[in-house]
Amino acid sequence: MPHPGMVRAGVEVTPLCDAVGPMGDQIALPLPQMFGGPDHPVWARVDPAAPWVLHFHCYLLRTPDGRTVLVDTGLGGPDSPAAGWAPVPGRLATELAAAGVRPEQVDTVVLTHLHSDHASGSLAADGSTPAFPNARYLVQRTELDWLEASGSPLLDAVVRPLRAAGCLDARAGEVTLAPEIKVFATPGHTPGHQSVAIGDHQLVVAGDVVLHPVQLADPTAGYVYDDAQPTATLTRQRLLAELTARHGILATAHFAEPFTQL
Ligand SMILES: [Zn+2]
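How each quantity is defined
- Residues numbered from 1 in each chain as written.
- Predicted model: local features only at pLDDT ≥ 70, side-chain atom pairs only at ≥ 80, totals over all residues.
- Heavy atoms only, no water.
- Donors = N, O, S within 2.8 Å, 3.2 Å for Na, K, Ca; no water.
- Tetrahedral: all angles 85-135°; square planar, octahedral: opposite > 155°, others 65-115°.
- Helix = DSSP H or I, 4+ residues; strand = E, 2+ residues; numbered from the N terminus.
- Buried < 20%, exposed > 50% of the residue type's maximum accessible area, 1.4 Å probe, protein only.
- UniProt positions renumbered as here; feature names shortened; annotations may be inferred.
- Pairing = 2+ DSSP bridges.
- Axes fitted to C-alpha atoms, helices over the stretch in contact; angles between N-to-C directions.
- Arc of directions from axis to C-beta.
- Contact = heavy atoms within 4.5 Å.
- Core = buried A, V, L, I, M, F, W, Y, C linked by side-chain atoms within 4.5 Å.
- Disulfide = S-S within 2.5 Å.
- Phe/Tyr/Trp six-rings, centres within 6.5 Å; stacked < 30°, edge-to-face > 60°.

A.B. asks: Which parts of the structure should I look at to understand the coordination of the zinc ion?
C.D. replies: Under ideal tetrahedral coordination, the four donors around a metal are separated by 109.5 degrees; under ideal octahedral coordination, the six donors are separated by 90 or 180 degrees. Distances from the zinc ion to its protein donors, Asp 117 (OD), His 118 (NE2), Asp 208 (OD) and His 254 (NE2), fall within 2.1 to 2.3 Å. Around the zinc ion sit 4 donor atoms, and with donor-metal-donor angles ranging over 88 to 159° the site reads as irregular. Each donor residue of the zinc ion lies on one chain, and together they are spaced D-H-x89-D-x45-H. One end of the pair, Asp 208, is in the loop between β11 (203-205) and α6 (214-217); the other, His 254, is in the loop between β12 (249-251) and β13 (259-261), with 46 residues separating them in the sequence. Comparing Asp 208 with His 254 shows no difference in burial state: the two are buried.

A.B. asks: I tried to follow the UniProt feature "domain: Metallo-beta-lactamase" (unreviewed entry) in the protein on my own but got confused; where do I start?
C.D. replies: As recorded in UniProt, the sites labelled "domain: Metallo-beta-lactamase" (unreviewed entry) are residues 55-254. As annotated, residues 55-254 comprises 26% helix and 22% strand, and the C-alpha atoms at either end are separated by 5 Å.

A.B. asks: How should I be thinking about the sheet that holds strand β9 (residues 181-185) in this particular structure?
C.D. replies: The strand order across the open sheet formed by 6 strands is β8-β9-β10-β11-β12-β13, and the pairing between neighbours is mixed. What marks the edges here is a single partner per strand, and that holds for β8 (175-178) and β13. Taking the axes of each pair of neighbouring strands and ignoring which way they run, one obtains an average angle of 25° across the sheet.

A.B. asks: Whenever I open this one, helix α4 (residues 141-150) confuses me. Can you help?
C.D. replies: Those residues of α4 that sit buried are Glu 143, Leu 144 and Leu 147. End-on, the buried residues of α4 take up no more than an arc of 95°, which puts them together on one face. Packing partners of the buried residues in α4 comprise β6 (136-140), α5 (154-164) and β7 (168-171).

A.B. asks: Any chance you could explain the nonpolar core here in plain terms?
C.D. replies: Side chains of nonpolar character tend, in soluble globular proteins, to be buried together. Leu 16, Leu 70, Val 106, Val 109, Leu 114, Phe 132 and Tyr 137 are the most contacted members of the largest nonpolar core, which totals 28 residues. Elements with a minimum of two residues in this core: β3 (53-62), α2 (92-98), β6, α4 and α5. Sorting elements by how many residues they give to this core places α5 first, with 5 residues. Setting aside residues up to four positions removed in sequence, Leu 70 forms contacts with Leu 16, Cys 58, Tyr 59, Leu 92, Val 106, Thr 108, Val 109, Val 110 and Phe 132. Counting 21 residues, the second-largest nonpolar core is a separate cluster that includes Val 11, Val 13, Val 69 and Ala 178.

A.B. asks: Is there a simple way to explain the state of the cysteines in this structure?
C.D. replies: Simply put, disulfide is the name for a covalent bond between the sulfur atoms of two cysteines. Under the defined criterion, the tally for this structure stands at 0 disulfides. There is no disulfide at Cys 17, and the cysteine sulfur nearest it, in Cys 58, is 8.8 Å away. With no disulfide of its own, Cys 167 lies 17 Å from the sulfur of Cys 58, the closest cysteine sulfur.

A.B. asks: Could you clarify how one ought to interpret the pairing of β9 in this entry?
C.D. replies: Each regular strand carries side chains that alternate between the two faces of the sheet. Sheet analysis places β8 next to β9, joined by 3 bridges and oriented antiparallel. Within β9, the position partnered with Thr 176 by the bridge is Lys 182. Hairpin connection from β8 to β9: 2 residues lie between these consecutive antiparallel strands. Summarising the sheet, β9 and strand β10 (residues 194-198) pair through 5 bridges and their orientation is antiparallel. Considered in β10, the bridge of Val 183 is made with Val 196.

A.B. asks: I tried to follow the sheet that holds strand β2 (residues 11-22) on my own but got confused; where do I start?
C.D. replies: Note on sheets: strands pair through backbone hydrogen bonds, and any given pair is parallel or antiparallel. Read from one edge of the open sheet, 7 strands run β1-β2-β3-β4-β5-β6-β7, paired in mixed fashion. Whereas interior strands pair on both sides, the edge strands pair on one side only; in this sheet they are β1 (6-8) and β7. Sheet twist, expressed as the mean angle between neighbouring strand axes with direction ignored, is 25°. Together, β6 and β7 form the strand contacts of α4, whose direction differs from that of β6 by roughly 75°.

A.B. asks: What should I look at first to understand the packing of aromatic side chains in this one?
C.D. replies: Aromatic ring pairs are reported here in terms of the distance separating the ring centres and the angle at which the planes meet. Within this structure, the stated rule accounts for 6 aromatic pairs. When the centroid spacing of 5.3 Å and the interplanar angle of 70° are considered together, the rings of Phe 35 and Trp 52 count as edge-to-face. Placement of Phe 35 in the loop between α1 (31-34) and β3 and of Trp 52 in the loop between α1 and β3 is noted, with a sequence separation of 17 residues between them. Neither Phe 35 nor Trp 52 differs from the other in exposure class; each is buried. Between Tyr 59 and Phe 259, the ring centres sit 6.2 Å apart and the planes meet at 45°, which makes this aromatic pair tilted. With Tyr 59 in strand β3 and Phe 259 in strand β13, this pair connects stretches of sequence that are 200 residues apart. We classify Tyr 59 as buried; its relative accessible area is 1%.

Now the structure itself:
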């Protein structure tokens, strides 16, 4: 069953747990090597030997006037681009059904970024039909430019089919989806990473701006797989400062607990 979720600024926010498990051996490193490096002072305060069991959360946002927004589409099925490193295939469709939502009811999909654990559930099993047939799929233009240059398998698996179906929206910077829902740029983990603010930062669905609780203990503990660690650290510090000032909620993709009160 889905997490019960919470309501902020009138928007019902429901975490959908797509998967749980450790990172595959192809990319897994000891925790201190992944966050900040073994000499980072945070490792004097946090257990460096604790295993990292990732959760993969997508988020469902429902407004009082009937908007249904999905933030991220998770790992996708057994043939997805994430299959090489992800612990198990995603179960987003089951979670969505358990939350009482049919795929055709989703009107907007916000892809925080184009990594295989956040966008691979965007297409149906045939690989060409959008999994959410009535939705616009929202990404930052800079993310698409970066992906085109990278030659990522997500180009063929996600971007080109969505573009061919006419449902991909490339935007630049802030986008107002509803009076109480804004999408805004949070670059660093990837160049076009974006997050979703509910109300006046009462809750922010922040994708991979903060990946592991060690980055709450010290936001300067950069992630080895960030595209640009200095930018990512600045973004993380700004977001955490804003949420702390407003006593807001941080909603992350990979924490065990989907919501963190700041
Ligand atoms: Zn991720």
